[in-house]
Amino acid sequence: NVQYYEGAQNLERLVRLRFPSGEVQFYEGELGAERCVRREVAGRVYFYEGEKGAEAVVRVVQATTETRLKAMRVTELREECGRLGLVTTGVKADLVARLRAYRSAPVPQCIPR
């Protein structure tokens, strides 16, 4: 699992948790009271409301590539660009555009002999 934290030293709070399966959970709230607000798994995005430990699903939507790219942080976008062999510099809009172009490029077809 990969955990992402925000906050000053010794006051960090969990904001995102990424599992090897590809599932990603997003958290909000104060230190020690972080609650799950969104979960992306198997092409769907689940939105939650409620207190920590009593979160309930309030909406489910089909995840699109655009939704996923916009939800990613700059460091995650850079990691994804690097993994695909793309340039990893620039602001978030540049990185999103680069990944969008990569994913929308036609797949080369095998040419029969």
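Below, the structure is looked at part by part. (Residues numbered from 1 in each chain as written. Predicted model: local features only at pLDDT ≥ 70, side-chain atom pairs only at ≥ 80, totals over all residues. Heavy atoms only, no water.)

## Looking at the packing of helix α2 (residues 74–83) against helix α3 (residues 92–104)
Here is step 1: Contact geometry for α2 and α3: axes closest at 10 Å, N-to-C directions at 35°. Note on packing geometry: the crossing formed by α2 with α3 is left-handed. Contacts between α2 and α3 involve V74, L77, R78, E80 and C81 from the former and K92, L95, V96, L99 and R103 from the latter.
Here is step 2: Its residues placed into classes, the contact of α2 with α3 shows 6 nonpolar, no polar and 4 charged. (Axes fitted to C-alpha atoms, helices over the stretch in contact; angles between N-to-C directions. Helix = DSSP H or I, 4+ residues; strand = E, 2+ residues; numbered from the N terminus. Left-handed = near helix turned anticlockwise from the far one by under 90°. Contact = heavy atoms within 4.5 Å. Nonpolar A, V, L, I, M, F, W, Y, C, P; charged D, E, K, R; others polar.)

## Topic: the environment of G50
Here is step 1: Along the chain, G50 turns up in the loop between β5 (44–49) and β6 (56–62).
Here is step 2: In this structure G50 comes out as partly exposed when scored by relative accessible area, which is 30%.
Here is step 3: C-alpha of G50 to C-alpha of L31: the two residues are 19 residues apart in sequence and 16 Å apart in space.
Here is step 4: Those residues in contact with G50, other than ones at most four positions away along the chain, are R35 and E55. (Buried < 20%, exposed > 50% of the residue type's maximum accessible area, 1.4 Å probe, protein only.)

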